[in-house]
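These are the residues of each chain, in order.
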Amino acid sequence: MQTIINTNNAHETETTCLIASVYADQKLDDTAANIDAAMGGSLQKMITTGDIRTSLGKTTLIHQPHGLKAERLLIVGLGKADEMDAAKFNQACHAAGKVICEQALGSASSCLHHNGISTQSIEWNVRQSVIAIGHANYVYTATKKPKPEDPKVIGTLEVLVTAQSNEIKRAVAHAQAIVTGYTRARELGNLPPNICTPVYLAKQGQEIADKYANCSYEALNTEQMQALGMNALLGVARGSRNPPRLIILRYMGADKDQPPVVLVGKGITFDTGGISLKPGANMDQMKYDMCGAAGVIGTFEACAEMQLAINLVVLVAAAENMPDGDAYRPGDVIESMDGQTIEVLNTDAEGRMVLCDALTYAKRFEPAALIDIATLTGACVIALGHHASGLMSKSDELADELLDAGQEIIDRAWRMPIWDEYQSQLDTPFADMQNIGGMPAGSLTAGCFLSRFTKDQNWAHLDIAGSAWKWGTQEGATGRPVALLSQFLINRCK
Ligand code: BES
Ligand code: MN
Ligand code: ZN
């Protein structure tokens, strides 16, 4: 999707589809009032008769609207004005984008930002509406023959503003970059595990690094990781014919002495559970177990496209968790890269195994902040469902920074307590720790495990098991938390 900015009046705009919005219980805003006047009052009439529905997210598509130069008019309901908030505005914009995509209109002109959140700036409203429309505008086609009636993504989205400004231009450029980033994350998430292997993820990272200025790429193979003693990561990878990679993407947008933000993604390209095999039903869903990797790669792309004044390192721990004659087994004790020993009690707790070595590796970059992103625990889906990512950190400051970023861009996280009291659930007589903590607080004991490898770091952990895709549905990957992380990076440039 390409986004352009124009200063035409909505009611005079020639377009495939003009998008405007109305509240359920308020008079029309200036834009809708002008449209109504051009239509000789028929917009208001259709609202009064109930032909245009005004509850939140309801859409009405009017063909050949009389008096307008637009071929179509799409009216989106905003619901009650006093119940409106940023998340609801996002929802309304998303609904509009969905209609444009499903009707395969190809292009549209939006005024949704004119009638958005009054406590936010016009730039915020523009950016959020473009992000939401861009999010609705995704169709998976990689491994599928298209049918004529399939939805089609918008080629060009026009944003109609009353005045051009550098702030508006930047808002649109940022929105566009974030759409690019999470579209990448969604595509990687949705690709099947026979295509999206660790080597494939590495290639994608390389292509992105080649495309933008100030980027570099590197990937460690099995031998190189052996030399570093990354036995926890390699332990997981041993059961698979698909070799693992530690992918390193660097973006240098600031002075080279400025410590980077380091993002670490869990890239399990398929999680069978290994010898602790998962049940067969829904096992296909474990192709999404690389969504942490997809999220950090997508964020890297967004950051490079925005050319933010920051240094960023993205690490991806990419491996496949399979059962095999050579697979690691329950009872094995493995010495991780930092020397701590781990008793593997469940080979299905593989995410923390690959991440602990990647987190140890991350220390060489002397991070300003170190954040890992992972579809780590089913328990997180139980705790938070699909709307919030689980955030864990010992640093109130870093946690607040991430929570605020998510709130600002409507890609929200919720903090969970990784208190030291939970640590003893990882005790074992046979190693420095075991890799599972039992039934209670499964997300927190996973976080506690990672905390043992990030002791002296400004570290946070995002469990996206619920937010990266909706378990058991066909909706596919959401691209989260690319928006949250992008906003976090943007805020750090201020
Ligand atoms: N990738 C899974 C977590 C997961 C499960 C994410 C379902 C989303 C939906 C992870 O590797 C895993 O298997 N975790 C185990 C941990 C347990 C063995 C301690 C889990 O959650 O059951
Ligand atoms: Mn697992
Ligand atoms: Zn997993």
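Residues numbered from 1 in each chain as written. Chains lettered and ligands numbered in written order. Predicted model: local features only at pLDDT ≥ 70, side-chain atom pairs only at ≥ 80, totals over all residues. Heavy atoms only, no water.

Colleague: Account for the site of ligand 1, naming residues and giving values.
Modeller: Ligand 1 sits among 17 residues. The nearest are Lys278, Asp289, Asp348, Glu350 and Gly378. With respect to ligand 1, the side chain of Lys266 contributes an N or O atom lying 3.2 Å from an oxygen atom. Contacts to ligand 1 include Lys278, whose side-chain N or O atom sits 2.8 Å from an oxygen atom. In the complex, the protein chains occlude 80% of the 520 Å² of accessible area that ligand 1 would expose alone. Per-class residue counts for the shell around ligand 1 are six nonpolar, four polar and seven charged. (Near = heavy atom within 4 Å. Polar contact = N/O pair within 3.5 Å; in protein donor to acceptor, adjacent residues only side chain to side chain. Areas by Shrake-Rupley, 256 points an atom, 1.4 Å probe, with all protein chains shown as cover. Nonpolar A, V, L, I, M, F, W, Y, C, P; charged D, E, K, R; others polar.)

Colleague: Explain the coordination of the zinc ion (ligand 3) to me, using residue names and the numbers behind them.
Modeller: Six octahedral donors around a metal ideally subtend angles of 90 or 180 degrees, whereas four tetrahedral donors ideally subtend 109.5 degrees. For the zinc ion (ligand 3), every protein donor is listed as Lys266 (NZ), Asp271 (OD), Asp289 (OD) and Glu350 (OE), and the spread of their distances is 2.0 to 2.4 Å. Classification of the site at the zinc ion (ligand 3) as octahedral follows from its six donor atoms and the range of 79 to 175 degrees in their angles at the metal. Site description for the zinc ion (ligand 3): donor spacing in sequence, K-x4-D-x17-D-x60-E. Separation of the zinc ion (ligand 3) from the manganese ion (ligand 2) amounts to 3.2 Å, with Asp271 serving as a shared donor to the pair. Within this pair, whereas Asp271 is found in strand E9 (residues 261–271), its partner Asp289 is found in the loop between E9 and helix H9 (291–306), the two being separated by 18 residues in sequence. Neither residue differs from the other here; Asp271 and Asp289 are each classed as buried. (Donors = N, O, S within 2.8 Å, 3.2 Å for Na, K, Ca; no water. Tetrahedral: all angles 85-135°; square planar, octahedral: opposite > 155°, others 65-115°. Helix = DSSP H or I, 4+ residues; strand = E, 2+ residues; numbered from the N terminus. Buried < 20%, exposed > 50% of the residue type's maximum accessible area, 1.4 Å probe, protein only.)

Colleague: Any details on helix H6 (residues 198–211)? Residues and values, ideally.
Modeller: If you check H6, its first and last C-alpha atoms are 20 Å apart, about what 14 residues at 1.5 Å a residue would give, namely 20 Å. Among all positions of H6, only Pro198, Leu201, Ala202, Gln204, Gly205, Ile208 and Ala209 are buried. Looking straight down H6, one finds that the buried residues subtend no more than 160 degrees of arc, so they occupy a single side. Residues of H6 that are exposed and point over 90 degrees away from its buried face: Lys203, Asp210 and Lys211. Turning to H6, the residues buried within the fold contact helix H5 (166–190), strand E7 (215–220), strand E8 (245–252), E9, H9 and strand E10 (311–321). (Expected span 1.5 Å × (residues − 1). Arc of directions from axis to C-beta. Contact = heavy atoms within 4.5 Å.)

Colleague: Give me the lowdown on the domain arrangement of the chain, citing residues and values where you can.
Modeller: By domain assignment, the chain separates into domain 1 (2–164) and domain 2 (187–492). Centre-to-centre separation of domain 1 and domain 2, based on C-alpha positions: 37 Å. Taken together, the contacts link 12 residues of domain 1 with 12 residues of domain 2. Of the roughly 930 Å² buried between domain 1 and domain 2 on both sides combined, carbon and sulfur atoms contribute 53%. Taken together, the connections running from domain 1 to domain 2 amount to six residue pairs in polar contact (both at pLDDT 80 or more). Sorting the residues of the side of domain 1 that touches domain 2 by element identifies helix H3 (86–102) and helix H4 (122–136) as the ones contributing at least two each. If you tally residues by element for the side of domain 1 that touches domain 2, the top one is H4, at five residues. For the side of domain 1 that touches domain 2, the class distribution of residues is seven nonpolar, four polar and one charged. (Domains from an automatic or database assignment. Buried area = accessible area lost by both parts, 1.4 Å probe.)

Colleague: Tell me what's going on with the environment of Gly273, and back it up with residues and numbers.
Modeller: Along the polypeptide, Gly273 turns up in the loop between E9 and H9. Filtering out sequence-adjacent residues up to four positions away, Gly273 remains in contact with Lys278, Asn321, Thr347 and Asp348.

Colleague: Residue-level account of the sheet that holds strand E13 (residues 369–374), with values.
Modeller: A sheet is described by the order of its strands in space; here eight strands give the open sequence E7-E8-E10-E9-E13-E17-E14-E15, paired in mixed fashion. For this open sheet the edge positions go to E7 and strand E15 (413–415), each flanked by a neighbour on one side alone. Strand-to-strand twist across the sheet, computed as the mean angle between neighbouring axes with direction ignored, equals 20 degrees. In this structure, strand E14 (residues 389–393) lies alongside E15, joined through three bridges in parallel fashion. What sits directly across from Ser389, in E15, is Ala413. Docked against the sheet, H6 engages E7, E8, E9 and E10, running at close to 15 degrees with respect to E8. (Pairing = 2+ DSSP bridges. Axes fitted to C-alpha atoms, helices over the stretch in contact; angles between N-to-C directions.)

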